[in-house]
Amino acid sequence: MSLSVNEGVDVKGLVDKVLEAYPEKSRKRRAKHLNVLEAEAKDCGVKSNIKSIPGVMTIRGCAYAGSKGVVWGPIKDMIHISHGPVGCGYYSWSGRRNYYVGDTGVDSWGTMHFTSDFQEKDIVFGGDKKLHKVIEEINELFPLVNGISIQSECPIGLIGDDIEAVARAKSEELGKPVVPVRCEGFRGVSQSLGHHIANDVIRDWIFEKTEPKEGFVSTPYDVTIIGDYNIGGDAWASRILLEEIGLRVIAQWSGDGTLAELENTPKAKVNLIHCYRSMNYIARHMEEKFGIPWMEYNFFGPSQIAESLRKIAALFDDTIKENAEKVIAKYQPMVDAVIAKFKPRLEGKKVMIYVGGLRPRHVVDAYHDLGMEIVGTGYEFAHNDDYQRTQHYVKEGTLIYDDVTAFELEKFVELMRPDLVASGIKEKYVFQKMGLPFRQMHSWDYSGPYHGYDGFAIFARDMDLAINNPVWGIMKAPF
Amino acid sequence: MSHPVSQSADKVIDHFTLFRQPEYKELFERKKTEFEYGHSDEEVARVSAWTKTEEYKEKNFAREAVVINPTKACQPIGAMFAAQGFEGTLPFVHGSQGCVAYYRTHLTRHFKEPNSAVSSSMTEDAAVFGGLNNMIDGLANAYALYKPKMIAVLTTCMAEVIGDDLSGFINNAKNKESVPADFPVPFAHTPAFVGSHIVGYDNMIKGVLTHFWGTSENFDTPKNETINLIPGFDGFAVGNNRELKRIAGLFGIQMTILSDVSDNFDTPADGEYRMYDGGTPLEATKEAVHAKATISMQEYCTPQSLQFIKEKGQQVAKYNYPMGVTGTDELLMKLAELSGKPVPAELKLERGRLVDAIADSHTHLHGKRFAVYGDPDFCLGMSKFLMELGAEPVHILSTSGSKKWEKQVQKVLDASPFGKSGKAYGGKDLWHLRSLLFTDKVDYIIGNSYGKYLERDTKIPLIRLTYPIFDRHHHHRYPTWGYQGALNVLVRILDRIFEDMDANTNIVGETDYSFDLVR
């Protein structure tokens, strides 16, 4: 941590002012989640992973969103049943840009919505019987499906259905993995618990119960990409670099992922984890159980990419280390050209970030590479260890907000007037109407990839097109 | 594995072209052959072909349990949408919080607008002890922070399964001074495992009216000359509600739209964010009990509300998404009858211009076969208009469609020679429609953005005319109702037909004899 941002702005005073609007009880609770980063701090000084207060617009989702939307949903050669009423599957249907290659409806199902469509009678009498039938019908209509997951919605846990028993019986019968995921939306305080539950299911129902594919020959250079959801093709733009330095990516979790890749993961020499929050559990498990080390890396922006490539290469032999240097050098001219072109248009611009599990820290240096300043950042569903990992990315004086409510974020932006807000679709139009450039940092605003060197060029272009579009200059009528 | 750098600062390429570069194609191939352990190309091709057969269709239609790509959402989003059409109203969704994030996202993606709603954020402890405390604290927070004029409470399936009592909870919260005793907090129970978003819409309209009008029957309510209009769940509400207001203005009718989202879902960008804008004034909602009649634009969105309104002594009338010439005729005649005013001359002119446009274009429409899917009322209105154009609705499909709806659609189809190959499919989904499109082909599909997968698989062009439209911009700002709306719909269909015609005739030296400049 160096220098300081928000110089001359009374950010602490701002926090107090924003908190004033709350009833007393909620004010006390919210105060713990807002802070201004101090020099020499060990973490960001905010409480996290705590229940959202009722009656506010939290941007958080639920455990189902964490499991179906993030961890399991993007596994393309399995069918994921949204088990319960129709809505959860409907809203999460094809909304997340987890790119994949496959014949949808034949050997891949990533942009489809399968549900048991619970009716009142299923609530009253239980839905296990129906679930049996759903799985049979899926297997008949989609014979090339390699596995099935059951993503539980709220009522399943409340009425006490035994989806584990159904999963066991059906796995046996079909000879394919059928996995039950207890990711009911009321569990936990955000999508975060859904990630954890989904990881545990991979542990218990894939690693423990299935046999890895035959014929797989290990090499000393086998690695995995874990926690890259291939938004707009991110994982591919990452994979290409790992392959170029001479590593072999034997599995990609979970964008463009397959069941076989999950099963073969324990054969890796090292697990490379991008989104720590959503996948650290399974990486830790593999370390304990199979002795596979794991490493967190960051492929946003050239500084972090180079640092990460070197860190990764350091785990291997000299050839790989030399290759890493070659690859960094190879892309440097392109990176230099991108920075030369875009930095003059972006230098000194202030950014406020509010996203999910890794980007509030990972993306910071990509902005720094373009000469931009982060004046505020925060997570939707981070835990304490995420905030510990954050403080060295951001500068003294940065405003930190955990599970920020729409009310707080609007006030912060209104009073601090950054040049760009980087958040999600629910926030986008609020700030655009205020006259502020905006980028969606969950979906890359339907652009991307943003990871890797190829992605950095797109990232730079997108920040420029957001900030320097003429629309922001014609907001006010001349009359 | 060295390869040239395809990316450059001069011409930044993104996913559209980046992944077509040779190095990425090789990467996909390596991943597939070495690590995915997928099925052989032959096997995939075989199964792919099989999914397009009559045999597969039969299996597909025989399924009883799994629902695949349905054209319905769950109740709460309909209720939330209805609530957002009232002045200064904040929907308060009682239950687990993820649901609200989904509803807000969904509506935001369609309208490209902010969408405000709060959640009571119930978790495990609430599942055990009930959500009363969440309601008490939640209403207090919502009231203090977002300063609404009304908070409309609705439930998710969680609150319904554990049996939370909204009426009692709201009273309790008022006793604890979460909101003032006289602050309006209407509510609706909207279990996601009953009906769909259109039922949720109905429940909330009824909930709001019950709040303002009282629960007891009152046949003696004095009536005035006002006419109420309920639009129903409508993705084109911004354009359509404004068109309805314009029509009422031409008539000189005093009209109250019960739940008007048109301004709230279309606020200007001028440097100021408006969390609430427009909407049916609360005073007007209260006064609407004195209207002489209420017209519903979508009968399947309003059965309970209309029944309730009828009990208040009002005349009621219902339509099925009045698109097209006769659909608009019927609506205008009803407005004339109820108001005692003639149809304005301006509207007669508009009618004539619309008919003129249809006459100009009829050769391109006559006999064209269409599949239509979406909500029950949309499917009906759209089918009627197609037949009016000389086109043929062939597959009409709605996951929310009931047996009654199927019969109603069939009756409409049977009444026209253009409906003779038409069949209604209630309770079926888009995977059923895929089978129908392969086994009994049509020329065009009319539906929403989810149809783009059907378009890709079947190569049948898709025309997006109903909710949700995520992958095209701004269509909802133009009406589809009234004569002006019909003209918009006509142009949208014609444009797609002409584009298709050009795309099919543009091979130089081969098919370009038909690549005509004049169509």
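Reading the values: rules and limits
Residues numbered from 1 in each chain as written. Chains lettered and ligands numbered in written order. Predicted model: local features only at pLDDT ≥ 70, side-chain atom pairs only at ≥ 80, totals over all residues. Heavy atoms only, no water. UniProt positions renumbered as here; feature names shortened; annotations may be inferred. Helix = DSSP H or I, 4+ residues; strand = E, 2+ residues; numbered from the N terminus. Buried < 20%, exposed > 50% of the residue type's maximum accessible area, 1.4 Å probe, protein only. Contact = heavy atoms within 4.5 Å. Pairing = 2+ DSSP bridges. Right-handed = clockwise from strand over helix to strand, strands pointing away. Salt bridge = Lys/Arg side-chain N within 4 Å of Asp/Glu carboxyl O. Polar contact = N/O pair within 3.5 Å; in protein donor to acceptor, adjacent residues only side chain to side chain. Axes fitted to C-alpha atoms, helices over the stretch in contact; angles between N-to-C directions. Left-handed = near helix turned anticlockwise from the far one by under 90°. Nonpolar A, V, L, I, M, F, W, Y, C, P; charged D, E, K, R; others polar.

Under an unreviewed UniProt entry, chain B has the name Nitrogenase molybdenum-iron protein beta chain and belongs to Azospirillum brasilense. The Sequence similarities (unreviewed entry) comment attached to chain B in UniProt states, word for word, "Belongs to the NifD/NifK/NifE/NifN family."

An unreviewed UniProt entry lists chain A under the name Nitrogenase protein alpha chain, from Azospirillum brasilense. Looking at the Sequence similarities (unreviewed entry) heading of the UniProt record, one finds this comment for chain A: "Belongs to the NifD/NifK/NifE/NifN family." In its Subunit (unreviewed entry) section, the UniProt entry covering chain A states "Tetramer of two alpha and two beta chains. Forms complex with the iron protein (nitrogenase component 2)."

Residue and element names in this part refer to chain A. As for its placement among the helices and strands, threonine 398 is situated in the loop between helix H17 (384-390) and strand S12 (399-401). In this structure threonine 398 comes out as buried when scored by relative accessible area, which is 0%. Sequence-distant contacts of threonine 398, that is, excluding residues within four places in its chain, are made with Val5, Asn6, Asn35, Val36, Leu37, Ile374, Val375, Gly376 and Thr377.

All names here are of chain B. Burial runs high along strand S10 (residues 369-373): 4 of the 5 residues are buried. Pairing of S10 with strand S11 (residues 392-398), which is carried by 5 bridges, proceeds in the parallel orientation. Its bridge partner being in S11, phenylalanine 370 is matched across the sheet by proline 393. Taken together, S10, helix H17 (residues 376-388) and S11 form a β-α-β motif whose crossover is right-handed.

With that settled, the discussion passes to the pattern of salt bridges. Pairing between side chains becomes possible if they bear opposite charge and their charged atoms approach one another. Tallied over the entire structure, the rule returns 71 salt bridges over all chains. With a shortest N-O distance of 2.8 Å, arginine 464 of chain B and aspartate 471 of chain B are connected by a salt bridge. Given a relative accessible area of 24%, aspartate 471 of chain B falls into the partly exposed group. One continuous salt-bridge network, built from bridges that share partners, spans Arg277, Glu296, Arg361, Asp385, Asp386 and Arg389 of chain A.

Turning our eyes to something else, we now look at helix H19 (residues 430-439) of chain B. For H19 of chain B, the buried fraction is high: 9 of the 10 residues fall into the buried class. N-cap assignment for H19 of chain B: the residue whose side-chain oxygen lies 3.0 Å from the backbone N of tryptophan 431 of chain B is aspartate 429 of chain B.

We now examine the UniProt feature "domain: Nitrogenase molybdenum-iron protein beta chain N-terminal" (unreviewed entry) in chain B. UniProt records the feature "domain: Nitrogenase molybdenum-iron protein beta chain N-terminal" (unreviewed entry) for residues 6-60 of chain B in the present numbering. Here residues 6-60 of chain B runs as 65% helix and 0% strand, with 45 Å between its end C-alpha atoms.

Residues and elements named next belong to chain A. One way to put it is that helix H9 (residues 191-207) packs onto helix H12 (residues 276-290) with a least axis distance of 7 Å and a crossing angle of 35°. In the crossing of H9 with H12, the sense of the turn from one axis to the other is right-handed. Of the residues in H12, those touching H9 at Ser192, His195, His196, Asn199, Ile202, Arg203 and Phe207 are Arg277, Ser278, Met279, Asn280, Tyr281, Ile282, His285, Met286 and Phe290. For the contact of H9 with H12, the class distribution of residues is 7 nonpolar, 7 polar and 2 charged.

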